[in-house]
Structures are given as C-alpha cells and as structure tokens.
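Residue strings, one per chain:
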Amino acid sequence: MTAVLQALDLTKTFGPVKALDGFSLEVPEGGVFGVLGPNGAGKSTLFRIWLGLVRPTDGRALVRGEPAGRPRRIGSMIETPRFPPFLTAVQTLQMLALAGGVRLTDADVLARLERVGLAEAAQRNVRGFSVGMMQRLGVAAALLGDPPLVILDEPTSGMDPAGIQEMRAFIRSLADRDGVTVVLASHQLAEVQKVCDRVAIIDRGRLAAQGRVADLVAGQERLRLVATPVDSVLEVLGARGVRDSDGVLAQVDRAEAPALIRALVERGVEITEARWVGGDLERVFLQQTGDARAG
Amino acid sequence: MLADALACEGFKLWRNRAALFWGFLFVPLVALVIGVGVELWFRGAVARSHVIPALDLARVMLKAVADAGSPFTQLFLLIAGASVFGGEYRWETWRLLTPRNSRANLLAAKALVVAAAAAASVALIAFAGIAAGLIGAVGRHAPTVWNGGHDFGPQFAGLFLISWLQVLQPLAVGALAAVVSRSILAAVMTPIVLGVVQALMMSQLGPGDLATPPLWAFLALPGLAVELLRAGLGGAALPAATIWSATASLAGWVILPVVAAGVVFQRQDLSRE
C-alpha cells in the first residue's frame, strides 16, 4: 500500500501549546481518509504542515515520499476558505489557476462552479457569499488542476443538511469516479462514517486510533435483546452479556448472532426485539478521546 | 514559476479597483487638476501684466518628473502597496496561494507588480504635469520653446529613475512591515513614522554635512541620497564617491527591506494569516 502522506514523529509547538506531540501516521493512496479529533486536537496543524504552511518543530512530514512544503499538485481547503472580497467566483478560480500555472477556459471555470453547485453565483462577488457558498468555492478551488490528492478541512462546515448530503456524494465521487485520494477532517462523525474508508483519530496531538472504518466500529457493536426472562439470557451469555434497562447488551460477533438467538429460543426465551447498536464512529471517537482524557 | 505568480498578482491588482484608483491613479488625477488650476490662475495674472512668458517644454518635463516622487505620491502609493503586501494576511488567502507556487515567487511577484504600477503612476504624474503646462500655455497663447540641450534624455531618465526609487523606498519598508506584522495598517504606518524620523534627522544636518555627508547619513537617510542624486543630475559638482554612495544608499533602502521580507516570509508559519 503506497503512502501518499506521511507524518513521522511530528511535533509542533506554538509557544507553550503542543499542537502535535510525536504524531505518526501514513495515509494510503486511494479512497477517502478521515482525520478526526476534538477541537484543538491538531488536525488543522497536521494539514498545514503537509501543505507547507507551517513548519514542524520536530519530526518529518512527507508527501509522496518527499519533504512537505514544496508546491505540488495537492488540492486543499483549510478551514473556512476566504477569498479576496473584490473578486467574483469566476475571477477567484481564474486567479488561483493562474497562481498554479493552470490554464483554464471560461467554460472550464463555469463547469467547475456548476459541479459544486455555484453556477448561478458564478458572476457574483464573493463578498456576499454565505459560509456554505464559500465552502463550495473552496472545494472548487481545491480541485483546480485536477490534483490526484486533495486535503479538505471541514468541507461541510456551515452547510445545510441538503448541502452536506450533496458534498458527501461529491467527495465520494471524487474518490470512486475520479480516483482522487481525499483526506478530510470533520466533526460530523456520522458523515465521516458514511464517506470515509479509513480514519485516524487524533487527540491532544497524538494518534489515538486508526484503521478501516468497518474494522473500528465492528468491535464496538452490541446485540441488544429485549427478551423474557432476562435472567435466562444473561445465563446463556455469561460474561458477554450486561443488563441494559429493559434488555440485555450482548457482546457477540454478527456471525454468532443466529446461533445465539436459536439457543435462546430453544431454552424457551421469548425474544421481542433484537437489533445491533453502538456500531458507530461516534462511540469509537468518544471512547478514544474520552479514554485518553481519563488516562 | 515566477511568470505564473506575476500573472496572478497582476490579475488581482487589476481587479482591485479601490487600490488601483486610490493608490496609483488618484495622485496623477490630482496633479492634473491642480496643475491646470495653477495654470489658469497664472493665465489671469499674465492677462493683467500683459506679459506672456514662453513655455520651456524641456524645463516643464524635467520639473514634472522630478516632482513625481513627492511625499503626497508616496502616501497614496503606500496605501496601495499595503493592500497588495498585506492583503493575503487580511483576507487569509496565503493558504490558497502558497500550496500553488513557491513563497519566493509569490512575494517577488507582489514586489514586481507594485514596482511596475508605481513606475506607471510616476509616469502618469509626470505626464499630468506636462499636460497641465501645455494646457496653460495654449490657454494664454504662450509660445512654446525647447531648451533641453543634448543631455535632456539622460537627465529626464535619471530624474524618472530617482523619483521611482524615491516612491519604492517607503513601499519596500511597507512590504517588510506587512510581512513581519501581518497587518495592512502597519504597512502604511511604519514607513510614515520612519519617514518623519528620517526627515527630522535630515533637518539636523549642517551645510558641511550636506556637502560631504557622513557615513551614517548615507546609511540612515535615503531622502538625503535622493537630494544628492538630483543635485548631481542638476549639474552640482559632487565627488564621484558621494554619487556612488547615494546610489548605493537608495538602492539598498529599496532592495534590502524586500529581501528581508522574503527571508521572513520564507520561514513564516501560516497557522493564521
């Protein structure tokens, strides 16, 4: 698996604040990679180091095996993007394309604005743009030059639910249709779970967890059974079962579930409800960041 | 590439109409209006005295280009320069630009675009002065004469270069202030305060100091260098060493702050712009 981005024992301090503390991570090529963490965890600092906006205090940051900081074909949007207020959306993309030596026709620019849902605002001055529109323009700007790697920091921040859904589909299509490696940071954990293939969780500048989303959430799932008598269920489950209000939470694999339910029915247990709970990234996130705080 | 950064900066400045007008066009317009006004007043005075002096076009051109780098011009150019050098910090747009081109190219492009616009502005101011003189001459039916002599061309070019460097000097200091402070206001105020201090220091120089300035004066007072170079072009007998020192002083005050800004910018964390 080729790593497109690497952080090798990265440390970054801002005065007394340690934004990254011996942080190491490898982002593989392809798919959508999510970087999660509470506010101030170091996500934006990590992105800024990879983009050469910030120099690490210690450690190394590599982009495709080369030191970060040299202008190269990486699309990026860091936090809520801002633009020179006197430019229109079209002019903004034209200006940024010129800076990167990308030659675009007017039709190219309009097509890019249309793809992010800004076609009607193409000739409007960005001064009057909402945060959501700025985000869309930021994403269009990040994709100028068709980079193979795109870093997006909070791409859905300030968007309405429909916009978030649209952006999620757009990001997924970038990875699936265009083969772009997308690295994104977000606080919208449900969204991250839907759009990302792999995630890393940062807490207080350190890597708390990483892996495939499916693997991370798999171990967190519990089978919740509402059944009577409850004692019989707990007896069958042993240490793997705990009482939860009117039901029982069972720590079993999905493959084991049919056999468990069959065994319970054979023992005369009446099952009124059986469903999987807790298999979400939010639980993993809170566990990782909460555990770190408790520790 | 530098060409890409230049294209981007030029594109941006051309569309920043406020900076373009107030910074680079306002002073030429004012120069034209005031020049025509003075000429019209002069016309009235001439009508009363019944003497119509001839217009020496060469003298008018030399005076117009020599006056083009006035503090008034410098002030308005500073505003535009501050907008260019400090704009990315104010709009938080360095994060969009630095991943697309090298920092050295991006800052050099700003410096070159501002220098080119300042040259255009100085040329327009000179043109406005000449135009006002001609309009006045036509208005009072004055004959036009040419007493330029064989050295008019080099003299005109030299005065233009001095006026250009004169306006670039505070702009260069403003560029450094913008990068170090990340503030547009500092980019305007720092060169103004420095200029006032330098003017006060210059006023303390005695006649002897002006004839053979001490080293510290060359190092600290680019305004003195401007005066000496203009005097030299005007025919004053100055030692060659003085001319060279003045040239080095003025060039240094233009180049070194920009280089220093580049060094600071190259290592600057853009964790916030």
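### Notes on the overall build of chain B
Working step 1: For chain B, the count of helices and strands is twelve helices and two strands.
Working step 2: For chain B, the sequential pattern of α-helices and β-strands runs α-α-β-α-α-α-α-β-α-α-α-α-α-α.
Working step 3: Taking the principal axes of its C-alpha atoms as reference, chain B extends roughly 70 × 45 × 30 Å.
Working step 4: Burial statistics for chain B: of 273 residues in total, 49% are counted as buried.
Working step 5: Considering only intrachain contacts with a sequence separation of at least 6, the fraction spanning at least 24 residues in chain B is 82%.
Working step 6: For chain B, the accessible surface area stands at approximately 12400 Å², while carbon and sulfur atoms represent 74% of it.
Working step 7: Each charge sign in chain B was given a centre, from 17 positive and 12 negative side chains, and these centres are 7 Å apart.

### What to know about the domain arrangement of chain A
Working step 1: Its domain assignment divides chain A into domain 1 (3-216) and domain 2 (222-277).
Working step 2: Domain 1 of chain A and domain 2 of chain A are separated by 43 Å when their C-alpha centres are compared.

### Examining the side chain of A:Asp153
Residue and element names in this part refer to chain A.
Working step 1: Within the secondary structure, Asp153 sits in strand 7 (residues 149-153).
Working step 2: A distance of 2.6 Å separates polar atoms of two side chains, one belonging to Asp153 and the other to Ser44.
Working step 3: Setting aside its immediate chain neighbours within four residues, Asp153 contacts Ser44, Phe47, Met77, Ile78, Glu79 and Ala185.

### What about the confidence of the model for chain B?
Keep in mind that low pLDDT regions are not for reading the predicted coordinates in detail.
Working step 1: On average, residues of chain B score 89 in pLDDT, and 96% of them reach the 70 mark or higher.
Working step 2: Interface confidence for the predicted complex, expressed as ipTM, amounts to 0.85; the pTM equals 0.84.

### Focus: a nonpolar patch on the surface
All names here are of chain B.
Working step 1: On the surface, Leu185, Met189, Val193, Val197, Met201 and Trp216 cluster together to form a nonpolar patch covering roughly 540 Å² of accessible area.
Working step 2: Among the elements that take part in the nonpolar patch, helix 8 (residues 184-203) stands out by supplying five residues, more than any other.
Working step 3: Within the fold, Trp216 resides in helix 10 (residues 215-220).
Working step 4: On the basis of relative accessible area, Trp216 is assigned to the partly exposed category, the value being 41%.

### Side note on the interface of chain A and chain B
Working step 1: Chain A puts 33 residues into the contact, and the matching count from chain B is 28 residues.
Working step 2: For the pair chain A and chain B, the summed buried area comes to about 2600 Å², and 58% of that belongs to carbon and sulfur atoms.
Working step 3: Our count for the contact surface shared by chain A and chain B stands at three salt bridges.
Working step 4: Notably, a salt bridge pairs A:Lys12 with B:Asp269, separated by 2.5 Å at the nearest N-O pair.
Working step 5: There are twelve residue pairs in polar contact (both at pLDDT 80 or more) connecting chain A and chain B.
Working step 6: Put simply, the parts of the chain that give the side of chain A that touches chain B at least two residues each are strand 1 (3-14), helix 2 (89-99) and helix 4 (131-142) of chain A.
Working step 7: Per element, the largest residue contribution to the side of chain A that touches chain B is six residues, and it comes from helix 2 of chain A.
Working step 8: Partitioned by chemical class, the residues of the side of chain A that touches chain B number 19 nonpolar, seven polar and seven charged.

### Comments concerning the sheet that holds strand 14 (residues 270-277) of chain A
Residue and element names in this part refer to chain A.
Working step 1: Strand order in this open sheet of four strands is 12-13-11-14, and the pairing throughout is antiparallel. Both outer strands of the open sheet, strand 12 (241-244) and strand 14, are each paired with one neighbouring strand and no more. Put simply, the sheet's adjacent strands are angled 25 degrees from each other on average, direction ignored.
Working step 2: Sheet topology places strand 11 (residues 222-228) next to strand 14; seven bridges connect them, and they run antiparallel. Looking at the pairing, Thr228 lines up with Glu270 of strand 14.

### Section: the packing of aromatic side chains
All names here are of chain B.
Working step 1: The tally for this structure, following the rule as stated, stands at eleven aromatic pairs over all chains.
Working step 2: Measuring from centroid to centroid gives 4.9 Å for Trp22 and Phe26, while their planes differ by 45 degrees, and the two rings are tilted. With a gap of four residues between them, Trp22 and Phe26 both fall in helix 2 (residues 17-49), about one helical turn apart.
Working step 3: Residue Trp22 is classed as partly exposed on the basis of its relative accessible area of 44%.
Working step 4: Summarising the aromatic geometry, the rings of Tyr89 and Trp94 are spaced 6.0 Å apart at their centres and angled 75 degrees between planes, so their arrangement reads as edge-to-face. With respect to burial, Tyr89 and Trp94 carry one shared label: buried.
Working step 5: A cation sits over an aromatic face here: Arg15 above Phe11, 3.6 Å from the ring centre.

### Remarks on helix 3 (residues 106-115) of chain A
Residues and elements named next belong to chain A.
Working step 1: Among all positions of helix 3, only Val109, Arg112 and Leu113 are buried. On an axial view of helix 3, the arc spanned by its buried residues comes to 100 degrees, and they lie on one face. Opposite the buried face of helix 3, by more than 90 degrees, sit the exposed residues Ala107 and Glu114.
Working step 2: For helix 3, the elements touching its buried residues are helix 2 and helix 4.
Working step 3: Note on helix 3: the residue one or two positions beyond its end, Gly117, has a positive phi of about 80 degrees.

The rules we used
- Residues numbered from 1 in each chain as written.
- Chains lettered and ligands numbered in written order.
- Predicted model: local features only at pLDDT ≥ 70, side-chain atom pairs only at ≥ 80, totals over all residues.
- Heavy atoms only, no water.
- Helix = DSSP H or I, 4+ residues; strand = E, 2+ residues; numbered from the N terminus.
- Buried < 20%, exposed > 50% of the residue type's maximum accessible area, 1.4 Å probe, protein only.
- Contact = heavy atoms within 4.5 Å.
- Areas by Shrake-Rupley, 256 points an atom, 1.4 Å probe, with all protein chains shown as cover.
- Lys, Arg positive; Asp, Glu negative; His and termini not counted.
- Charge placed at Lys NZ, Arg CZ, Asp CG, Glu CD.
- Domains from an automatic or database assignment.
- Polar contact = N/O pair within 3.5 Å; in protein donor to acceptor, adjacent residues only side chain to side chain.
- pLDDT = per-residue confidence, 0-100.
- Patch = residues over 30% accessible without salt bridge, like charges linked within 9 Å, V, L, I, M, F, W, Y side chains within 5 Å.
- Salt bridge = Lys/Arg side-chain N within 4 Å of Asp/Glu carboxyl O.
- Buried area = accessible area lost by both parts, 1.4 Å probe.
- Nonpolar A, V, L, I, M, F, W, Y, C, P; charged D, E, K, R; others polar.
- Pairing = 2+ DSSP bridges.
- Axes fitted to C-alpha atoms, helices over the stretch in contact; angles between N-to-C directions.
- Phe/Tyr/Trp six-rings, centres within 6.5 Å; stacked < 30°, edge-to-face > 60°.
- Lys NZ or Arg CZ within 6 Å of the ring centre and 35° of its normal.
- Arc of directions from axis to C-beta.

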